[in-house]
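Structure assessment
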Amino acid sequence: MGAAFFPIFFFTALWGGVGIGLPIMTPKGPHQNLIRCILMLTAACCWLFWLCCYMAQMNPLIGPRLKRDAIQMIAKSWDNPLKDG
Amino acid sequence: MGSLFRSEEMTLCQLFLQSEAAYACVSELGELGLVQFRDLNPDVNAFQRKFVNEVRRCDEMERKLRYLEKEIKKDGIPMLDTGESPEAPQPREMIDLEATFEKLENELREVNQNAEALKRNFLELTELKHILRKTQVFFDESVPTIYKSTSHSSKYRRYLQMADNQNEDEQAQLLGEEGVRASQPGQNLKLGFVAGVILREKLPAFERMLWRACRGNVFLRQAMIESPLEDPTNGDQVYKSVFIIFFQGDQLKSRVKKICEGFRATLYPCPEAPADRREMAMGVMTRIEDLNTVLGQTQDHRHRVLVAAAKNLKNWFVKVRKIKAIYHTLNLFNLDVTQKCLIAECWVPLLDIETIQLALRRGTERSGSSVPPILNRMQTFENPPTYNRTNKFTKAFQALIDAYGVANYREMNPAPYTIITFPFLFAIMFGDLGHGAIMALFGLWMIRKEKGLAAQKTDNEIWNIFFGGRYIIFLMGVFSMYTGMIYNDIFSKSLNIFGSHWHLSYNKSTVMDNKELQLNPGTSDYEGTPYPFGMDPIWQIAGANKIIFHNAYKMKISIIFGVIHMTFGVIMSWHNHTYFRNRLSLVYEFIPQLLFLLLLFSYMVLLMFIKWNRYAATNPMPYSESCAPSILITFIDMVLFNKPKDPPEGCKVYMFSGQGFFQSLFVLLAICCIPVMLLGKPIKIMQARKLANEEVQPITGATSDAEVGGVSNGSASHGGGGDQHDEEEISEIFIHQGIHTIEYVLGSVSHTASYLRLWALSLAHAQLADVLWTMVLSTGLKQEGWLGGIMLTIVFAFWAILTIGILVLMEGLSAFLHTLRLHWVEFQSKFYMGQGYAFQPFAFDAIIENGSASSGEAD
């Protein structure tokens, strides 16, 4: 299980807020239902899209294959120095 | 109620209007724009209707206005367009309007006529002026000899000399020889000439004709008039030439004149004596000057008239169009026997009956009639029109749906869901933060400048399409930004906000010795938890296997979103069936359809999630990375009942225990759904009919039919008369259901595959952006020094143009079309009939906007 609690909680809560919280708060009016529908669909789509991306990377079956200069660049700029020797 | 989810409830109403009040009431209704009138006399032809005279008068007024408009446009006078729409004038004001327009038109026509006559006069004088001037030159060249010589023949010879000296052309020489022969001593010939003006392009033909017709016995000289002259009939600028022809004898003279006539050359009298000519030139000059003043005054007058008209023109147009529309509508009404009142039938949204009644009352008050109009609701079996109340935001989305087909009355309207699903599916294909931002900013700009942009109406169709879809463009841009962030793609580069969750653990020597190295997810290279938001930026750098990883991911999300989208569509059909109380369709169509989709395709989606969750590089053998099965192969094996291939050493075929059993069960159940879909409904209808026929045998046939119609509802609602007819109907139902079932079953396979276009286009978009970066922009970035700066500027401009032109515009268009297809075909085919007809209310706004259309209808 390669899931971390915090990101999952955070993004689920975020889109949950958009998809459930905001529709509850929409003001009454002729377009109330339409706005609710829009918000819920947005939240559902965006959350699922994020979730798929997250889960696809959770347990990677392959690792990235890097070229030599890419490795050197990562080591230099992503603060990930190569070991000596 | 009143929302976009279903079309408005409509009702057919009958309207009784007092003849005096009818005009005012219809005018009020036109301002309101909520009523669609039906033609109550479709058999009466357009020329026999009651108000045909008024309509004709309006047509006449419109013609006059169009004439005025044309004249105003010709003079380039700006027309005042306040954008306000004056109320339709009272019928009695029509006479005033008519008189005004009549007066204006007559005045203008008179002015134009005068101006034309003056111009013609002016043209003649100018031409004459030029002739006098040019011929003066001809004569001057030979004056010394001509006037010294005594006989005509010698004068003629001088001319020849003149021509010879100048060596102008062979023609003159030929003429010379002949002329010499002709002018043998003893033959005293009179040499005459004519002078005139001809269009320059006709001159060569004219010359040739003269030469041939007169056998070379004439002598022509010509000179161009440098400045163009205005043709009074159509105002064109034309170039002309002056010519003068010398000839001998009357016979030639008449021939020359005829040729001149034929070529539409204008001949002018030109005195022979130089003194006369000079005098004439003087006279012409003074007359030209006089004419100029008069012409100027005429133009001023015309201008004043037009400026005055331009102020009111738009206003008048609106008024006339409104009057015409009202009479046109009144022509649709039925005249009651007593001739006292008009009867109209109209479709009205149920919610607006109050507003309509108010408007009718206002109309009555305005006309001063005492009897109030009566609005009666009527019962009807006709299909009401479909009316979706839209605003500026929802309008474009509704238009996308209506472009496929207008919804049946009260059918579920896909538009509210399309507002989000459309931009979202687009964004899956177009996912790029940078490109999305460009698109969103463009959309936002159009939304912010909405009023100003809407005011300046243009005929540019492409712009109008973009502007009409500004909210769609904005939402597509915003969602593309979101998906771009998830794909971690901004102009084909990645952002590393949270820090990559992959780390290097190599020695320097290892890196130096190997050209490429692959990180191992099973070791500490991978942190164990994924990048929190979107793609890990390391994949963007992993040139060698980035596409493999992305493909696996994007194909899966395409199918996941596709299956959910289709399931959503099927669930929408449930709303339709319950709303129309179509129990048969609910049980024998909706349930098997949903089961079929869930058991096969949603199961496949489930497998994807299981695979993501179960198999990892860190896991021991049966669930390690080498054992992960291909979902597609598993699915194919499942559907075809194939025995799966033996897995590699130490792995299991199935992801969870009992998978084989469940898969067989699911497939069998799904197959069982097919005959239910195919036969369930028709058999039930057949049984119901049989039952009804047996039970209701003693009673009349009509009721039985009605009952059958009530039970079967939907497709079989138009139950026919006799048994034979029923039989036919049944066979038709079977065929219909067969087609429907085959379409659904095959469709769900092909439609699922069709959603793979999400993956394909997204891949293509990312690759194109990548290519553009490496092939174009990076070449500019690699240069150093000040030259590099210049290079980069040029390369950047090139890159930016290509990015906007190809990646945003063209790719955007293609992704848009694919999204449209996914909605029309894959989504809407699950529930949407789209066989209704749109509500077209009688509204002045619409009529004035396309004034020409309504006038065409009247003719």
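Structure report, in brief. All figures in this text were calculated on a predicted structure; none of them were measured in a lab. (Residues numbered from 1 in each chain as written. Chains lettered and ligands numbered in written order. Predicted model: local features only at pLDDT ≥ 70, side-chain atom pairs only at ≥ 80, totals over all residues. Heavy atoms only, no water.)

1. A closer look at the overall build of chain A
The secondary structure content of chain A amounts to three helices and one strand. In chain A, the succession of helices and strands from N to C terminus is α-α-β-α. Across the 85 residues that make up chain A, the buried fraction comes to 47%. Summarising the internal contacts of chain A: among those between residues at least 6 apart in sequence, 51% fall at separations of at least 24. Carbon and sulfur atoms provide 71% of the accessible area of chain A, an area that totals close to 4600 Å². (Helix = DSSP H or I, 4+ residues; strand = E, 2+ residues; numbered from the N terminus. Buried < 20%, exposed > 50% of the residue type's maximum accessible area, 1.4 Å probe, protein only. Contact = heavy atoms within 4.5 Å. Areas by Shrake-Rupley, 256 points an atom, 1.4 Å probe, with all protein chains shown as cover.)

2. Some details on the pattern of salt bridges
Residues and elements named next belong to chain B. Tallying each qualifying case throughout the model produces 30 salt bridges over all chains. Note that Glu62 is salt-bridged to Lys324, the shortest N-O span being 3.1 Å. Of this pair, Glu62 sits in helix α2 (residues 52-75) while Lys324 sits in helix α8 (residues 274-330), placing them 262 residues apart in sequence. Across this residue pair, the class does not change: Glu62 and Lys324 are buried. Across the pair Lys392 and Glu450 runs a salt bridge whose closest N-O atoms are separated by 2.9 Å. (Salt bridge = Lys/Arg side-chain N within 4 Å of Asp/Glu carboxyl O.)

3. Remarks on the pairing of strand β7 (residues 240-248) of chain B
Residue and element names in this part refer to chain B. Within β7, nine of the nine residues are buried, which leaves it mostly tucked inside the rest of the structure. Here β7 shows two buried faces, one formed by Lys240, Val242, Ile244, Phe246 and Gln248 and the other by Ser241, Phe243, Ile245 and Phe247. In this sheet, β7 lies alongside strand β3 (residues 191-199) in antiparallel orientation, the contact comprising nine bridges. Bridge pairing links Ile198 to Ser241 in β7. Across six bridges, the pairing between strand β4 (residues 219-224) and β7 is antiparallel. Residue Arg221 lies in a different strand from β7, and its bridge partner there is Ile244. (Pairing = 2+ DSSP bridges.)

4. A look at the state of the cysteines
All names here are of chain B. Counted under the stated rule, the structure contains one disulfide over all chains. The disulfide partner of Cys627 is Cys651, and the gap between their sulfur atoms is 1.7 Å. What sets the handedness of the Cys627 and Cys651 disulfide is the S-S torsion sign, and at about -70° it is left-handed. Here Cys651 lies in the loop between α20 (631-640) and α21 (659-695) and Cys627 lies in the loop between α19 (583-614) and α20, a separation of 24 residues in the sequence. (Disulfide = S-S within 2.5 Å.)

5. Side note on the sheet that holds strand β8 (residues 266-268) of chain B
Residues and elements named next belong to chain B. Read across the open sheet, the four strands follow the order β4-β7-β3-β8; overall the sheet is antiparallel. Edge positions in the open sheet fall to β4 and β8, since each of these has one partner strand only. Mean inter-strand twist for the sheet, computed between neighbouring axes without regard to direction, equals 25°. Sheet contacts for helix α7 (residues 250-262): β3, β7 and β8; angle to β7, the most-contacted strand, approximately 160°. (Axes fitted to C-alpha atoms, helices over the stretch in contact; angles between N-to-C directions.)

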